[in-house]
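# Observations on the model geometry
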Amino acid sequence: MATLGITNAWVAKVDATTFKVITGVDGINGSASDTDGKFLINETSSKGIASFNMTNLQGATTDIYGSNKVVYKSSAKGNVQGVLTVNNLPAAIKERLIGDEHDGRGGYKIDGKANSNNLIAILVESSDSFDENKKLYVGLYGSVVTEASKNMQTNNASEQRTTDALTFSPVERGDDGFGKNYYGWADNFDEAKMFNDIFPTTAVVNSGTNTTPITPAGH
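Everything numeric in this text was worked out from a predicted model, so none of it was measured.

### Side note on the overall build of the protein chain
Along the backbone of the protein chain there are three helices and 10 strands. Along the protein chain, helices and strands appear, N-terminal first, in the series β-β-α-β-β-β-β-α-β-β-β-β-α. Seen through its principal axes, the protein chain has C-alpha atoms that stretch 70 × 45 × 40 Å. Pairs at least 24 apart in sequence give 66% of the contacts found in the protein chain among residues at least 6 apart. Accessible surface, the protein chain as shown: approximately 12,600 Å² in total, 47% of it carbon and sulfur. On the protein chain, the mean spot of the 19 positive side-chain charges and the mean spot of the 25 negative ones are 3 Å from each other.

### As for the confidence of the model for the protein chain
Averaged over all residues, the pLDDT of the protein chain is 91; the fraction at 70 or higher stands at 93%. This model gives residues 207-219 a pLDDT under 50, and the stretch forms 36 contacts once residues within four places in sequence are excluded.

### Things to note about the packing of aromatic side chains
Summed over the entire model, instances satisfying the criterion amount to six aromatic pairs. Aromatic pair Trp10 and Phe195: ring centres 5.0 Å apart, planes at 85°, arrangement edge-to-face. A residue pair is termed long-range when its members are at least 10 positions apart, and Trp10 in strand β1 (residues 8-14) and Phe195 in helix α3 (residues 191-198) qualify at 185 residues. You'll find Trp10 and Phe195 in the same group, each marked buried. Seen in terms of ring centroids, Tyr137 and Phe189 are 6.1 Å apart; in terms of plane orientation they differ by 10°. Their pairing is stacked. With Tyr137 in strand β8 (residues 131-146) and Phe189 in the loop between β10 (179-183) and α3, the pair connects residues that are 52 residues apart, well separated along the chain.

### Brief notes about the pattern of salt bridges
Any two side chains of opposite charge can pair if their charged atoms end up close together. A full pass over the atoms with the stated rule returns 11 salt bridges. Note that Lys94 is salt-bridged to Glu147, the shortest N-O span being 3.0 Å. Pair noted here: Lys94 is in helix α2 (residues 91-98) and Glu147 is in the loop between β8 and β9 (164-170), with a separation of 53 residues, a long-range link. Taking the relative accessible area as the measure of exposure, Glu147 reaches 25% and is therefore partly exposed.

### Quick word on a nonpolar patch on the surface
A surface patch of nonpolar side chains, about 300 Å² in accessible area, is lined by Ile64, Val71 and Tyr72. By the element assignment, Val71 lies in strand β5 (residues 69-75). Taking the relative accessible area as the measure of exposure, Val71 reaches 53% and is therefore exposed.

### Some words on the side chain of Thr85
Secondary-structure assignment places Thr85 in strand β6 (residues 81-86). Dropping the residues within four chain positions of it, Thr85 is found in contact with Ile49, Ala50, Ser51, Thr163, Asp164 and Ala165.

### Concerning the nonpolar core
General note: in soluble globular proteins, nonpolar side chains tend to be found buried as a group. Within the largest apolar cluster, 21 residues are counted, with the highest numbers of intra-cluster contacts made by Val11, Ile41, Leu84, Leu89, Leu97, Ile122 and Phe168. Listed by contribution, the elements that provide at least two residues to this core are β1, β2 (38-41), β3 (49-55), β6, α2, β7 (119-128), β8 and β9. With near-sequence residues (within four places) excluded, Leu84 lies in contact with Ile41, Ile49, Ser51, Phe52, Ile122, Asp164, Ala165, Leu166 and Phe168. Listed in part, the 18 residues of the second largest apolar core include Val14, Ala121, Val144 and Tyr182.

Scoring rules and cut-offs
Residues numbered from 1 in each chain as written. Predicted model: local features only at pLDDT ≥ 70, side-chain atom pairs only at ≥ 80, totals over all residues. Heavy atoms only, no water. Helix = DSSP H or I, 4+ residues; strand = E, 2+ residues; numbered from the N terminus. Contact = heavy atoms within 4.5 Å. Areas by Shrake-Rupley, 256 points an atom, 1.4 Å probe, with all protein chains shown as cover. Lys, Arg positive; Asp, Glu negative; His and termini not counted. Charge placed at Lys NZ, Arg CZ, Asp CG, Glu CD. pLDDT = per-residue confidence, 0-100. Phe/Tyr/Trp six-rings, centres within 6.5 Å; stacked < 30°, edge-to-face > 60°. Buried < 20%, exposed > 50% of the residue type's maximum accessible area, 1.4 Å probe, protein only. Salt bridge = Lys/Arg side-chain N within 4 Å of Asp/Glu carboxyl O. Patch = residues over 30% accessible without salt bridge, like charges linked within 9 Å, V, L, I, M, F, W, Y side chains within 5 Å. Core = buried A, V, L, I, M, F, W, Y, C linked by side-chain atoms within 4.5 Å.

Here it is as structure tokens:
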């Protein structure tokens with residue numbers, strides 16, 4: 001399905017074993033009073049989202065020959081990745097997404113290694129290419145988030161402003177795969193169940209179905 005624009009993205013830290021959303025001081029918001037565990041990225045919180053670019057959604061195919069003909073296509077699994085580009089993520093949120101260690105004095109450690117135990121769930125909202133009232137979504141259950149580079153340049157006749165570009169590299173949630181595409185106009189679409197699938201509040205059983213629906217943050 002072709003898309004039109006990008007409006008919102010929700011992120012949350014999830015447990016590396018259960019994929020349950022982490023709340024409180026260890027959650028994405030770092031607050032003891034946070035009982036929701038999600039952060040809404042939009043124009044209000046982060047000056048808006050520039051893009052979410054997904055690649056390697058499927059692996060390459062290999063021809064299988066028999067009786068001098070191609071009789072089957074063997075399919076490899078893709079190295080799914082998504083790059084989220086945001087105009088101005090709050091610094092503390094970005095560091096929690098990456099999983100960098102805070103020194104307690106305003107500094108975050110740069111050690112050149114991704115934090116593989118810091119998993120982030122993400123849900124991104126867009127629209128149908130020819131009907132912006134038809135919402136569509138893509139969600140990843142749990143990704144290691146990395147920031148490959150940081151570039152600062154001098155202002156000249158123009159301001160040299162950069163964006164926050166973060167790569168989401170997901171792991172599979174048991175038999176559920178890496179995530180899901182959702183279409184708001186599809187039969188039986190349920191927004192609360194979608195949020196509960198990507199951001200479960202109870203431990204996930206590998207069936208593709210989660211437990212009690214939750215109220216989406218920012219909706």
